[in-house]
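So the chains spell out like this:
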Amino acid sequence: MKLNNKQLKKINENGYIILSGCFSNKEVNNLRKEMKKVFKEKSEANIIEKSSGVVRTAMGLHLRSKIFNNLTRHPKFFEPASQIIGHNLYIQQTKINIKAAFTGEVWQWHYDFATHFGEDGVPKPLALNLHVYLDDVTEFNGPLFFIPKSHKYGSAPSKLDTVTTNYPLWVVDHKNVKDLVKKNGIVSAHGKAGTVVIFVDKLVHGSAQNMSPMDRAIFSVILNPCDNKQTKFVRPEYKHGRDFKPIKASSNKSLL
Ligand code: SIN
Ligand code: MN
């Protein structure tokens, strides 16, 4: 799945792109079946919500499941990523953020590079975050909010928040969020199951609590150029992959 020049320009200007209809219902159903299995596993890579105790995020999925390993390397992720950040890429992180019906908690305002730099010593903000929606994502079930163009304004100061949720995150303070939103507003990243979303390492984003009766599962892979790999090795492998060999694309049919 190659992106055209207009799409590449959009990512460069806005910091993200939303591509509907990328994966079929059959592929999404197969992924959802596997998701249910990995959520049941007793694993420290399954991080639970602070209040409800249900799974919030299941990490290290390319290490835990064949189909998620294939998805991580899928041409629909690998080809656009290669066009944007080059061909020599390693798998920095894979996960599903479920944001369960009624109980899914917030992801505070942040940009990924603050954590990649602060926790893992990744030198430059080059990594790309690629999502596929495993549920329909609507205005009601906790969609991601993006601040368009927020990657263009240097690095907003960030602070490590270990209190709000069970997932430690380097977050952007409200004053900076207010200033960025004043300039370029907020976009809510809606889409049907099978939609792909791609966004850059310094784009400020977050999502609210899910108080709807619908789950909101999103698979995410972060790919990073091999020559921009982590320099600190404190976090476990399920949070930052340790295989720095360039990946090869899987087959287009590998999810069927
Ligand atoms: C993330 O920023 O990685 C997660 C946000 C979300 O799942 O809503
Ligand atoms: Mn993020």
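Owing to the predicted nature of the structure, the values given are computational and were not obtained by experimental measurement.

Student: Could you give an account of the packing of aromatic side chains, naming the residues involved and the relevant values?
Tutor: One pass over the structure, following the stated rule, counts 10 aromatic pairs. When the ring of Phe 68 is compared with that of Phe 219, the centres are 5.6 Å apart and the planes differ by 10°; the resulting orientation is stacked. Within this pair, whereas Phe 68 is found in helix α4 (residues 66-72), its partner Phe 219 is found in strand β13 (residues 218-225), the two being separated by 151 residues in sequence. Per residue, the accessibility class of Phe 68 equals that of Phe 219, and both read buried. Arranged with centres 6.3 Å apart and planes meeting at 75°, the rings of Phe 233 and Phe 244 form a pair that is edge-to-face.

Student: Provide a residue-level description of the site of ligand 1, including the pertinent values.
Tutor: Every residue close to ligand 1 is listed here: Lys 95, Asn 97, Lys 99, Trp 107, His 110, Leu 144, His 205, Ser 207 and Arg 216. With respect to ligand 1, the side chain of Asn 97 contributes an N or O atom lying 2.9 Å from an oxygen atom. One of the side-chain N or O atoms of His 205 is found 3.0 Å from an oxygen atom in ligand 1. The protein chains hide 97% of the 260 Å² of surface that ligand 1 would expose on its own.

Student: Would you mind going over the sheet that holds strand β10 (residues 187-188) in detail, with residue names and values included?
Tutor: Across the sheet, which stays open at both edges, the four strands sit in the order β5-β12-β7-β10 with antiparallel pairing between neighbours. At either margin of the open sheet sits one strand with a lone partner, and together these are β5 (107-110) and β10. As defined by bridge partners, strand β7 (residues 144-146) adjoins β10 across two bridges and the pair is classed as antiparallel. Counted as the bridge partner of Phe 145 is Ser 188 from β10.

Student: Just give me the short version of unusual backbone geometry, but keep the residues and values in it.
Tutor: Of note in the backbone geometry, Lys 99 takes a positive phi value of approximately 45° without being a glycine. Relative to the helices and strands, Lys 99 resides in the loop between β4 (89-97) and β5. The exposure class assigned to Lys 99 is buried, which follows from its relative accessible area of 2%. Look at Phe 102: it is not a glycine, yet its phi comes out positive at around 70°. Within the fold, Phe 102 resides in the loop between β4 and β5. Take Phe 102: its relative accessible area is 53%, and that puts it in the exposed class.

What counts, and at which threshold
- Residues numbered from 1 in each chain as written.
- Chains lettered and ligands numbered in written order.
- Predicted model: local features only at pLDDT ≥ 70, side-chain atom pairs only at ≥ 80, totals over all residues.
- Heavy atoms only, no water.
- Phe/Tyr/Trp six-rings, centres within 6.5 Å; stacked < 30°, edge-to-face > 60°.
- Helix = DSSP H or I, 4+ residues; strand = E, 2+ residues; numbered from the N terminus.
- Buried < 20%, exposed > 50% of the residue type's maximum accessible area, 1.4 Å probe, protein only.
- Near = heavy atom within 4 Å.
- Polar contact = N/O pair within 3.5 Å; in protein donor to acceptor, adjacent residues only side chain to side chain.
- Areas by Shrake-Rupley, 256 points an atom, 1.4 Å probe, with all protein chains shown as cover.
- Pairing = 2+ DSSP bridges.

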